[in-house]
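# Commentary on secondary and tertiary structure
For reference, the chains in residue letters:
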Amino acid sequence: MASKDKTLNDAFYETLKDVFYAEKQSVRALRKSAKSAKTPELKRAFETHAEESANQVTRLEQVFEILGKAARGKTCEAMQGLSAEMEEDLEDFGETAAGDAVLIGCAQAVEHYEIARYGTLKTWAIQLGLKDAAKLLDETLQEEKRTDQLLTQIAERQANTGGPARAA
Ligand code: FE
Ligand code: FE
Ligand code: FE
């Protein structure tokens, strides 16, 4: 339904649906990653962010409410692709010494996608005068950035201590 009458409001709503789908999928990916992770530190990081992500889904529902629209998802091809890559990587590396490093890499790809999407949505919310929505989106954006940084730290620590990131 390409229409010349579409506005930034429409783009905001469509992207919100995309992120709603992606966020719910990320909760599942994080729970799976928590189960697959070998080191307790990484396991904990995934578990914590799975809980945060469930709360991020709730925040998105609040944004739909602000718009006066039903919370609906629409297939996010990017997240589908990232999930498929993670499945493949887990098959290839899940049981190897590089397993945790590969898991971190997959998780960071998802965080970077989320950071891009939430950054865009926050900017649009401000431009549309949706202050409360912008605040909710920014809370999530900051959590995604903190998670990305934490994963980088864990990856660097594991590599530096000769942990599971290093080949046996
Ligand atoms: Fe998220
Ligand atoms: Fe998407
Ligand atoms: Fe995230």
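This text follows the structure it describes.
Anyway, here's the lowdown on the structure attached to this text. (Residues numbered from 1 in each chain as written. Chains lettered and ligands numbered in written order. Predicted model: local features only at pLDDT ≥ 70, side-chain atom pairs only at ≥ 80, totals over all residues. Heavy atoms only, no water.)

## Some details on the nonpolar core
Keep this limit in mind: Side-chain atoms within 4.5 Å link the members of a nonpolar core, which is a set of buried Ala, Val, Leu, Ile, Met, Phe, Trp, Tyr and Cys residues. Partly exposed describes any residue whose relative accessible area lies between the buried limit of under 20% and the exposed limit of over 50%, with all areas from a 1.4 Å probe on protein chains only and scaled to the type maximum. Under the DSSP-based scheme used, a helix requires at least four consecutive residues in state H or I and a strand at least two consecutive residues in state E, with every element numbered from the N terminus. Only heavy atoms matter for contacts: two residues are in contact if any of them lie within 4.5 Å across the pair.
Of all hydrophobic cores here, the largest spans 20 residues; its most connected members are F12, L16, L60, V63, A125 and L137. The set of elements that each furnish at least two residues to this core consists of α1 (8-36), α2 (40-67), α4 (99-127) and α5 (131-160). Residue contributions to this core peak at six residues, all from α1. For L60, the contacting residues outside a window of four places in its chain are L16, V19, F20, E23, Y118 and L137. Membership of the second largest hydrophobic core comes to 17 residues, among which are A45, A50, C106 and A107.

## Notes on α1
Test applied: A helix is expected to span 1.5 Å for every residue after the first. Here a polar contact is recorded for every N or O atom pair within 3.5 Å, except that within protein the pair must consist of a potential hydrogen donor and a potential acceptor, and residues adjacent in sequence are included only if both atoms are side-chain atoms.
For α1, with 29 residues, the first-to-last C-alpha span of 41 Å sits near the 42 Å given by 1.5 Å per residue. Where α1 begins, the capping side chain belongs to T7, and its oxygen is found 3.2 Å from the backbone nitrogen of N9.

## Regarding the packing of α1 against helix α3 (residues 77-93)
Where we set the bar: Where helices are involved, their axes are fitted lines through C-alpha atoms of the stretch in contact, as for all axes, and angles between N-to-C directions lie from 0 to 180°. Oblique is the label for any angle not under 35 degrees, not over 145, and not in the 65 to 115 range, which are roughly parallel, roughly antiparallel and roughly perpendicular in turn. Note on convention: the crossing is left-handed when the near helix lies turned anticlockwise from the far helix by less than a right angle, right-handed when the turn is clockwise. Polar here means any residue outside two lists: the nonpolar Ala, Val, Leu, Ile, Met, Phe, Trp, Tyr, Cys and Pro, and the charged Asp, Glu, Lys and Arg; Gly therefore counts as polar.
Packing of α1 against α3 brings their axes to within 10 Å, and their N-to-C directions diverge by 15°. Between α1 and α3, the angle is such that the two are roughly parallel. In this structure, the crossing between α1 and α3 has a hand that is left-handed. Judged by residue contacts, Y21, A22, Q25, S26, A29, K32, S33 and S36 of α1 engage M79, Q80, S83, M86, E87 and L90 from α3. Per-class residue counts for the contact of α1 with α3 are six nonpolar, six polar and two charged.

## Some points on the coordination of the iron ion (ligand 3)
The condition is simple: Ligating atoms shown are N, O and S within 2.8 Å of the metal, or 3.2 Å for Na, K and Ca, and water is not included, meaning a site may look less than complete.
Coordination sphere of the iron ion (ligand 3), protein contribution only: H49 (NE2), E111 (OE), E111 (OE), E114 (OE) and E144 (OE), at 2.1 to 2.6 Å. Donor residues for the iron ion (ligand 3) sit on one chain with the sequence pattern H-x61-E-x2-E-x29-E. Between the iron ion (ligand 3) and the iron ion (ligand 1), a separation of 3.0 Å is found, and both are coordinated by E114. Of the two residues, E111 is situated in helix α4 and E144 in helix α5; the sequence distance between them amounts to 33 residues. For the residue pair E111 and E144, the accessibility class agrees, reading buried in each case.

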